[in-house]
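What the coordinates show
Each chain is listed here by its residues.
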Amino acid sequence: MTKSELVEQLSAADPGLNKKEAELIVNTIFDSIGDALVGGDRVEIRGFGSFSIRERDAREARNPKSGEVVKIPSKKTPFFKTGKELRARVDS
Amino acid sequence: MTKADLIENVYLKTGYSKKESAEIVETVFDLIKDTLEDGEKIKIAGFGNFVVKEKSTRRGRNPQTGEEIEITARKILTFKPSQVLKSAINSDS
């Protein structure tokens, strides 16, 4: 399911919402989560899961073509931990 | 940030009441959870993909006792962040 299909389903599930309103809501939700993560904040959605930032250490790697050693700087990556309820539902 | 903050943001953006905003946010996550429960993935452009993966049975070890145990086959949910989100998070510092 893509974001536009989610928008359509939200609009269908709630007769009070037209597609444009549903789109604004879906965008607001994911933009809010993204903004919080960019700001270094952790996001916890009960029943769904939590998003946090994990630091990846700097490391040396090799260019497989040239064999040249390259330094990869440390970086941050978003991490999602599935909530208990959803983990159980996905595995059922 | 919690679900209450998300509801607040939807309330501020849309002009729906807080009660309506709470119901709408709940509906969005219910739709997402129902889809994932069916084993279907969710692709949110600019954010990332939620994908259900099948894990086969494997042998593991209880790290405390060293005892060998069988880890049963299961389905797990993985999140793959989009390049856009990864870049935004790294450009911040």
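About the thresholds
Residues numbered from 1 in each chain as written. Chains lettered and ligands numbered in written order. Predicted model: local features only at pLDDT ≥ 70, side-chain atom pairs only at ≥ 80, totals over all residues. Heavy atoms only, no water. Helix = DSSP H or I, 4+ residues; strand = E, 2+ residues; numbered from the N terminus. Buried < 20%, exposed > 50% of the residue type's maximum accessible area, 1.4 Å probe, protein only. Contact = heavy atoms within 4.5 Å. Pairing = 2+ DSSP bridges. Axes fitted to C-alpha atoms, helices over the stretch in contact; angles between N-to-C directions.

Quick word on the side chain of Ser82(B)
Residue and element names in this part refer to chain B. Note on placement: Ser82 falls in the loop between strand S5 (74-81) and helix H3 (83-91). Classification of Ser82 as buried rests on a relative accessible area of 16%. For Ser82, the residues in contact, after removing those within four places along its chain, are Gly46, Phe47 and Gly48.

What to know about the sheet that holds S5(B)
Residue and element names in this part refer to chain B. Pairing is antiparallel across the open sheet formed by 3 strands, whose spatial order is S1-S2-S5. Edge strands, defined here as strands with exactly one partner in the open sheet, are strand S1 (42-44) and S5. Across the sheet, the mean angle separating the axes of adjacent strands is 25° when strand polarity is ignored. Here strand S2 (residues 48-55) pairs with S5 via 8 bridges, running antiparallel. The residue bridging Val52 from the neighbouring strand is Leu77, located in S5.

What to know about the sheet that holds strand S2 (residues 49-56) of chain A
Note on sheets: strands pair through backbone hydrogen bonds, and any given pair is parallel or antiparallel. Residues and elements named next belong to chain A. With antiparallel pairing, the 3 strands of this open sheet are ordered in space as S1-S2-S5. Of all the strands in the sheet, just strand S1 (43-45) and strand S5 (75-82) have a single pairing partner and so form its edges. Averaged over all pairs of adjacent strands, the angle between strand axes in this sheet comes to 25°, irrespective of strand direction. Sheet topology places S1 next to S2; 3 bridges connect them, and they run antiparallel. The residue bridging Ile45 from the neighbouring strand is Gly49, located in S2. Each of S1, S2 and S5 touches helix H2 (residues 19-38); the most contacted strand, S2, lies at about 35° to it.

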